[in-house]
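Report on the structure
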Amino acid sequence: MTNSRIGYIYLVDENLKIRWAACADAKEEEEEALTRCVGVLLNRRKRPPFTTPSPPEWQRRSEEK
């Protein structure tokens, strides 16, 4: 049954994975959870992308031989 008075909200991460979902009126702890989730996702966007560290010096020398 559809209802035009109920809304749904989804918080989706950069991989299109749903991280938070809700409908109807939010309780205070649900609002806090949404705020925390948004903060986590925004902090991920600020970090530089993960890069593979270069091999240690001894390993580079052995690969060159």
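Values in this document were obtained by computation on a predicted structure and should not be read as measured data. (Residues numbered from 1 in each chain as written. Predicted model: local features only at pLDDT ≥ 70, side-chain atom pairs only at ≥ 80, totals over all residues. Heavy atoms only, no water.)

Some words on a negative patch on the surface
Put simply, the rule is: Residues with no salt bridge and a relative accessible area higher than 30% make up the patches, which join like charges within 9 Å and nonpolar side chains (Val, Leu, Ile, Met, Phe, Trp, Tyr) within 5 Å. Surface accessibility follows the Shrake-Rupley procedure with a 1.4 Å probe radius. Residue values consider only the protein chains on display as shielding. Between Lys or Arg on one side and Asp or Glu on the other, a salt bridge is scored when a side-chain nitrogen of the former is within 4 Å of a carboxyl oxygen of the latter. For this count, His and the chain ends are skipped, Lys and Arg are scored as positive, and Asp and Glu as negative. For charged residues, the charge sits on one atom: NZ in Lys, CZ in Arg, CG in Asp, CD in Glu. Helix and strand assignments come from DSSP, with helices taken as H or I runs of at least 4 residues and strands as E runs of at least 2, each series counted from the N terminus.
On the surface, E28, E29, E30, E31 and E32 cluster together into a patch of negative charge. Counting through the fold element by element, E32 comes out in helix 1 (residues 28-46).

Section: unusual backbone geometry
Phi is mostly negative for residues that are not glycine, and the peptide bonds are mostly trans. For L16, which is not glycine, the phi torsion reads 65° and is therefore positive. Residue position: L16 is located in the loop between strand 1 (8-12) and strand 2 (18-23).

Regarding the pattern of salt bridges
This is how the line gets drawn: Exposure classes here rest on a 1.4 Å probe applied to the protein chains alone. A residue is buried below 20% of its type maximum, exposed above 50%, and partly exposed in between.
The tally for this structure, following the rule as stated, stands at two salt bridges. D13 is the salt-bridge partner of R19, the closest N and O atoms lying 2.9 Å from each other. For D13, a relative accessible area of 5% translates into the label buried. One salt bridge connects E14 with R44, and the closest N-O pair in it is separated by 4.0 Å. Placement of E14 in the loop between strand 1 and strand 2 and of R44 in helix 1 is noted, with a sequence separation of 30 residues between them. When its relative accessible area of 41% is taken as the criterion, E14 is described as partly exposed.

As for a nonpolar patch on the surface
A cluster of nonpolar side chains, I6, Y8, Y10, V12, L16 and I18, forms an exposed patch at the surface whose accessible area comes to about 670 Å². Counting residues per element, the nonpolar patch draws most heavily on strand 1, which supplies three residues. Of the residues examined, I18 reaches a relative accessible area of 49% and is grouped as partly exposed.

Coordinates in, geometry out; function isn't part of it.
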